[in-house]
Amino acid sequence: MYDVVFNSGFIGLLIWILLFSTSTAAIAIAIRCAWSLRAKHFYNAKIQQYGLDLLKEHEWQKAYELYEVNQTILAHIIAPILLSAHQTNTQKRQEQAMEILDKNVREILRKMNVLATCANIAPMLGLLGTVTGMVDAFMGLGTAMGPEKASVLAISISQALYTTAAGLLIAVPAIILGVYFRNQLERRLETVKEAVEEVLEKLPEGA
């Protein structure tokens with residue numbers, strides 16, 4: 001593999017560097033997506049149940065303080081709603097909740113979009129490496145003599161195809177992870193929306 005990378009010429013080496021950079025970025029983004037999509041980042045069942053109990057007892061201030069110090073996305077949605085609950089009605093609270101939720105979701109989607117970009121770039125870089133490698137192969141074929149032609153062509157083509165294989169090895173896992181992360185995000189959002197509705201049902205009609 002060392003010979004394939006460092007004997008591929010300047011352009012080939014540059015493509016290998018770009019492939020390595022793309023794979024590193026894809027791994028880093030995948031880890032960040034997995035961390036952002038963990039269940040505890042969205043929802044805490046114990047906090048939610050305790051908060052609902054406080055709201056049921058009309059302990060508005062304690063409920064606000066509970067959600068305000070919590071770091072889940074659900075808490076980031078509920079705390080501002082409780083703070084302004086006396087000035088808003090149910091419709092405005094729902095709009096406020098969706099606005100805050102969309103803001104948090106956009107941050108996660110940006111990471112997923114970067115992962116999708118890596119998945120799209122990798123096979124294109126692999127194809128570019130194969131094309132440039134094939135050009136070098138036929139140039140070498142033109143200067144080779146006799147039986148050397150077949151050997152030069154075979155070696156050059158095999159080296160060129162390695163970049164396509166590398167690009168696909170990066171792209172396929174990135175695509176699979178992208179689909180998995182989006183499904184996870186949908187499940188997390190469903191849970192958060194249901195929890196928000198539970199809280200809104202406990203609040204009296206405001207202004």
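See the structure shown above.
Residues numbered from 1 in each chain as written. Predicted model: local features only at pLDDT ≥ 70, side-chain atom pairs only at ≥ 80, totals over all residues. Heavy atoms only, no water.

Moving on, we get to the overall build of the protein chain. The number of helices and strands found in the protein chain is eight helices and zero strands. Put simply, the protein chain has 207 residues, and 40% of those count as buried. For the protein chain, contacts bridging at least 24 residues in sequence account for 76% of all contacts bridging at least 6. As presented, the protein chain carries roughly 12400 Å² of accessible surface, and 63% of it is formed by carbon and sulfur atoms. (Helix = DSSP H or I, 4+ residues; strand = E, 2+ residues; numbered from the N terminus. Buried < 20%, exposed > 50% of the residue type's maximum accessible area, 1.4 Å probe, protein only. Contact = heavy atoms within 4.5 Å. Areas by Shrake-Rupley, 256 points an atom, 1.4 Å probe, with all protein chains shown as cover.)

As enumerated under the stated definition, the model contains one aromatic pair in all. Geometry around tryptophan 35 places arginine 38 over its ring, the cationic atom sitting 3.8 Å from the centre. (Phe/Tyr/Trp six-rings, centres within 6.5 Å; stacked < 30°, edge-to-face > 60°. Lys NZ or Arg CZ within 6 Å of the ring centre and 35° of its normal.)

Of note, histidine 58 is a non-glycine position whose phi angle comes to about 65 degrees, a positive value. Relative to the helices and strands, histidine 58 resides in the loop between α4 (45-56) and α5 (60-69).

A word on the side chain of lysine 111. Along the chain, the position of lysine 111 falls in helix α7 (residues 90-143). Put simply, lysine 111 is tucked away with no salt bridge, and the nearest opposite charge, on glutamate 107, sits 6.3 Å away. Engagement of the side chain of lysine 111 in a polar contact is seen with the side chain of serine 36, the distance being 2.6 Å. With sequence-adjacent residues up to four places away left out, lysine 111 is seen in contact with Ile29, Arg32, Cys33 and Ser36. (Lys, Arg positive; Asp, Glu negative; His and termini not counted. Salt bridge = Lys/Arg side-chain N within 4 Å of Asp/Glu carboxyl O. Polar contact = N/O pair within 3.5 Å; in protein donor to acceptor, adjacent residues only side chain to side chain.)

Turning our attention to the environment of leucine 83. Relative to the assigned elements, leucine 83 resides in helix α6 (residues 73-83). For the pair leucine 83 and glutamate 65, spaced 18 residues apart in the sequence, the C-alpha separation amounts to 9.7 Å.

Attention now moves to a negative patch on the surface. Residues Glu186, Glu190, Glu194, Glu197, Glu198 and Glu201 make up a contiguous surface patch of negative charge. You can see glutamate 201 is positioned in helix α8 (residues 148-202). (Patch = residues over 30% accessible without salt bridge, like charges linked within 9 Å, V, L, I, M, F, W, Y side chains within 5 Å. Charge placed at Lys NZ, Arg CZ, Asp CG, Glu CD.)

Take α4 next. Three or four residues apart is the spacing at which side chains of an α-helix point the same way, because the helix has 3.6 residues per turn. Under the 1.5 Å per step criterion, the end-to-end length of α4 is 16 Å for twelve residues, consistent within 8% with the ideal 16 Å. Listed as buried for α4 are Ile47, Gln48, Gly51, Leu52, Leu54 and Leu55. Each buried residue of α4 sits inside an arc of 160 degrees when the element is viewed along its axis, so together they form one side. In α4, the exposed positions that point more than 90 degrees away from the buried face belong to Lys46 and Lys56. Once α4 finishes, histidine 58 follows within two positions and takes phi at roughly 65 degrees, a positive value. (Expected span 1.5 Å × (residues − 1). Arc of directions from axis to C-beta.)

Purely geometric stuff here, so don't read any function into it on its own.
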